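# Remarks on the overall topology
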Amino acid sequence: MIEFVRNVRLWFAPARIEEEGVTPDYRFSLANERTFLAWLRTSLALIGGGFAVDQFLPDLRWEWRAGLALGLLAAGVLCALRSVNHWVRCERAMRRGEDLPVSRFPALLSIGVALVALAMVVVVLAGWES
């Protein structure tokens, strides 16, 4: 828990990461940043998908529309928060010469998106207004 709190503090003061270990090859730091930005793009796509479901499927029953939209919006929020935490964890590991951290989040996000997609398939096959 203490490690998580420390990581969250580094979200808002990334210059403090320099206090740990040695500076890695800048190419690794830039690759870590590109990965972070890719996760943010994924987050924005999920959020956009949530808004699209809510706004462009008015004939869909409210329960389905709200459930699918909220599922996508929640996945987008989690993805955004997880991306910055992963960036900090990787940057710290590189500076310390440690192995990069592993995460279950990509698998969980994939399963969540797949479940929303399956729900959309059910909605399409069942018809808009059941």
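Residues numbered from 1 in each chain as written. Predicted model: local features only at pLDDT ≥ 70, side-chain atom pairs only at ≥ 80, totals over all residues. Heavy atoms only, no water.

To keep things clear, this is the line we draw: UniProt positions are given in the numbering used here, feature names are shortened, and annotations may be inferred rather than shown by experiment.
Going by an unreviewed UniProt entry, the protein chain carries the name DUF202 domain-containing protein and comes from Streptomyces tauricus. In UniProt, the protein chain has this text filed under Subcellular location (unreviewed entry): "Cell membrane".

### Section: the UniProt feature "domain: DUF202" (unreviewed entry) in the protein chain
Test applied: In DSSP terms, a helix is any run of H or I states spanning at least four residues, a strand is any run of E spanning at least two, and both are numbered starting from the N terminus.
Mapped onto this structure's residue numbering, the UniProt feature "domain: DUF202" (unreviewed entry) falls at residues 27-93. Along residues 27-93 the backbone is 93% helical and 0% strand, and the end-to-end C-alpha distance reaches 15 Å.

### Observations concerning the nonpolar core
For soluble globular proteins, nonpolar side chains are generally found buried alongside one another. Inclusion rule: Throughout this description, the term nonpolar core refers to a set of buried Ala, Val, Leu, Ile, Met, Phe, Trp, Tyr and Cys residues connected via side-chain atoms within 4.5 Å. The buried label applies to any residue whose accessible area, calculated with a 1.4 Å probe on protein chains only, is under 20% of its type's maximum; exposed applies above 50%, and partly exposed to all values in between.
Ranked by internal contacts, the top residues of the largest apolar core, which has 14 residues, are Leu46, Val53, Leu60, Leu68, Leu72, Cys79 and Leu109. Secondary-structure elements contributing two or more residues to this core are helix H2 (26-56), helix H3 (62-96) and helix H4 (105-126).

### Looking at the UniProt feature "transmembrane region" (unreviewed entry) in the protein chain
With numbering matched to this structure, UniProt assigns "transmembrane region" (unreviewed entry) to residues 36-53, 65-84 and 105-128. Along residues 36-53 the backbone is 100% helical and 0% strand, and the end-to-end C-alpha distance reaches 26 Å. Annotation note: span residues 65-84, helix share 100%, strand share 0%, distance between end C-alpha atoms 29 Å.

### Thoughts on H2
In an α-helix, one full turn covers 3.6 residues, which means residues spaced three or four apart are oriented alike. Our working definition: Expected helix span is taken as 1.5 Å per residue step, with the number of steps being one fewer than the number of residues. Contact definition: two residues touch when any of their heavy atoms are within 4.5 Å.
With 31 residues, H2 ought to run about 45 Å at 1.5 Å a step, and its terminal C-alpha atoms sit 44 Å apart, in line with that. If you check which residues of H2 are buried, you get Ser29, Asn32, Phe36, Ser43, Leu46, Gly50 and Val53. Residues of H2 that are buried in the fold lie against H3 and H4.

### Digging into the packing of H3 against H4
Condition: Helix axes are fitted to C-alpha atoms over the stretch in contact, other axes to C-alpha atoms as well, and angles between N-to-C directions run from 0 to 180 degrees. In these notes the angle categories are as follows: under 35 degrees is roughly parallel, over 145 is roughly antiparallel, 65 to 115 is roughly perpendicular, and the rest is oblique. By convention the crossing between two helices is left-handed if the near helix lies anticlockwise of the far one by an angle smaller than a right angle, and right-handed if it lies clockwise. Each residue gets one label: Ala, Val, Leu, Ile, Met, Phe, Trp, Tyr, Cys and Pro are nonpolar, Asp, Glu, Lys and Arg are charged, and the others, such as Gly, are polar.
Closest axis-to-axis distance for the H3/H4 pair is 11 Å, and the angle between their directions is 165 degrees. One way to sum up the angle between H3 and H4 is to call them roughly antiparallel. Seen along the crossing, H3 lies across H4 with a hand that is left-handed. For the pair H3 and H4, contact is made by Trp64, Leu68, Leu72, Ala75, Leu78, Cys79 and Arg82 and by Phe105, Leu109, Val116, Ala119, Met120, Val122 and Val123, respectively. Among the residues forming the contact of H3 with H4, the class breakdown is 13 nonpolar, no polar and one charged.

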